[in-house]
Amino acid sequence: MQQRTIAILGAGAWGTTLATLAKAKGHTVKVWSRQSHEHLQTVIDGADLVLSAVSMKGVSAVVEQIQPAAIAAHTVFVTATKGLAAEASVATKPLLPSQIWQAALPSHAVVVLSGPNLSKEIQQGLPAATVVASQDLAAAQTVQAALSSNAFRVYTNSDVVGVELGGALKNVIAIAVGACDGLQLGTNAKAALVTRGLAEIIRVGTYWGAKPETFYGLSGLGDLLATCNSALSRNYQVGYGLAQGQSLSVVLAQLQGTAEGVNTTQVLMKLATQQQIAVPISHQVDRLLRGDITPQAAVEALMLRDYKPETR
Ligand SMILES: NC(=O)C1=CN([C@@H]2O[C@H](COP(=O)(O)OP(=O)(O)OC[C@H]3O[C@@H](n4cnc5c(N)ncnc54)[C@H](OP(=O)(O)O)[C@@H]3O)[C@@H](O)[C@H]2O)C=CC1
Ligand SMILES: O=C(CO)COP(=O)(O)O
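Residues numbered from 1 in each chain as written. Chains lettered and ligands numbered in written order. Predicted model: local features only at pLDDT ≥ 70, side-chain atom pairs only at ≥ 80, totals over all residues. Heavy atoms only, no water.

(A) Region of the structure containing the nonpolar core. If you look at the biggest cluster of nonpolar residues, it comprises 69 residues, and the most contacted ones within it are Leu-84, Trp-101 and Val-238. With 11 residues, helix 7 (residues 160–182) is the largest single contributor of residues to this core. Here this core gathers at least three residues from each of two domains, domain 1 (5–158) and domain 2 (161–303). Among the nonpolar cores identified, the runner-up in size contains 27 residues, and Ala-22, Ala-80, Val-132 and Leu-147 belong to it. (Core = buried A, V, L, I, M, F, W, Y, C linked by side-chain atoms within 4.5 Å. Buried < 20%, exposed > 50% of the residue type's maximum accessible area, 1.4 Å probe, protein only. Helix = DSSP H or I, 4+ residues; strand = E, 2+ residues; numbered from the N terminus. Domains from an automatic or database assignment.)

(B) Up close: the site of ligand 1. Neighbouring ligand 1 are 23 residues, the closest being Trp-14, Arg-34, Ser-119, Thr-258 and Glu-260. Within the backbone of Trp-14, an N or O atom sits 2.8 Å from an oxygen atom of ligand 1. Contacts to ligand 1 include Gln-35, whose side-chain N or O atom sits 3.0 Å from an oxygen atom. Protein burial of ligand 1: of its 890 Å² of free accessible surface, 85% is covered by the chains. With respect to the pocket detection grid, ligand 1 is positioned in the largest pocket. Counting residues per element, the ones that place at least two in the shell around ligand 1 are helix 1 (13–24) and helix 3 (56–64). Looking at which element gives the most residues to the shell around ligand 1, the answer is helix 3, with 3 residues. In terms of residue class, the shell around ligand 1 is built from 8 nonpolar, 10 polar and 5 charged. Composition of the shell around ligand 1 by domain shows at least three residues from each of domain 1 (5–158) and domain 2 (161–303). (Near = heavy atom within 4 Å. Polar contact = N/O pair within 3.5 Å; in protein donor to acceptor, adjacent residues only side chain to side chain. Areas by Shrake-Rupley, 256 points an atom, 1.4 Å probe, with all protein chains shown as cover. 1 Å grid on protein atoms, 1.4 Å probe; cavity = no way out; pocket = protein on both sides within 12 Å on 5 of 7 lines; lining within 4 Å. Sits in = over half its atoms within 2 Å of the grid points. Nonpolar A, V, L, I, M, F, W, Y, C, P; charged D, E, K, R; others polar.)

Function cannot be inferred from these measures alone, as they are strictly geometric.
Below you can see the structure in the form of structure tokens.
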């Protein structure tokens with residue numbers, strides 16, 4: 001196995017966990033965060049892989065600190081952020097983290113890493129699988145070889161948009177399912193939400209050019225199952241807390257780490273409204289997060305929608 005020099009950007013829950021996985025494989029690992037004394041450019045100098053696990057709101061600020069001309073041609077950039085850019089618009093601006101990285105580093109390979117990867121379980125050494133997606137298959141295979149182990153199984157995929165959107169959009173559905181569990185609506189209701197949530201993700205994803213089948217994989221259905229079934233998920237915790245009658249600000253103040261679904265819902269609603277894509281569950285999550293509706297009223301609004309065939 002080839003030893004690599006890996007720079008990890010972001011020392012939060014996911015960045016720290018990815019560093020643990022990379023160190024366990026014997027790679028040389030350097031971690032950078034805003035608290036680091038070293039400059040970002042110094043940390044990524046000479047790195048074979050640069051792996052970013054900063055939350056969505058920090059991606060542009062981090063990318064802007066990088067001087068592309070000073071980076072070795074073979075360096076592969078990996079983004080593990082699950083979110084949509086707040087400034088995204090259909091016409092002009094990048095929507096996904098990998099598009100921000102690729103726009104700043106047009107001559108470097110960019111790889112998306114996404115899957116059912118609750119960091120606390122991985123830190124405990126429990127087995128997990130993930131997907132690395134890139135238009136550059138060799139770059140994806142380099143990342144696959146670098147991170148695969150007996151505890152972390154890495155698959156490749158060429159559907160970058162699908163893999164990245166799956167990881168971002170499942171967070172919105174995880175908020176809905178957290179609320180469903182917080183209201184103790186039962187297993188049938190939860191199964192319905194996850195299944196119709198997946199249909200909603202596929203509707204949005206295919207609009208943006210993703211392959212439908214990608215969403216039945218690890219970064220779509222896989223990550224939905226993980227985050228909708230675990231109290232470790234911060235997004236699930238947000239929905240659960242709202243269903244307990246707590247305000248969003250109280251829920252977020254008590255939360256350990258980032259719940260990307262809160263901002264992702266806002267961006268998704270802006271884009272889906274512009275493009276007239278039906279996202280009924282996300283719409284109710286948006287109203288709930290804004291405090292415009294009670295969780296009980298959101299459930300009723302979903303149950304009493306116009307009749308329709310399942311396949312539309
Ligand atoms: N935790 C998990 O299980 C998983 C998380 N993810 C995704 O990874 C991303 C990070 O999640 P996670 O590590 O859990 O979140 P945390 O809240 O634990 O950490 C967030 C990280 O982002 C950094 N950050 C935030 N804003 C900025 C900024 N403006 N400039 C630079 N850095 C910034 C933080 O830096 P600082 O410490 O300096 O504040 C910190 O390193 C999210 O998109 C999440 O969806 C993906 C898979 C699994
Ligand atoms: O993406 C994750 C697991 O795959 C982490 O979920 P949360 O961000 O909801 O904690």
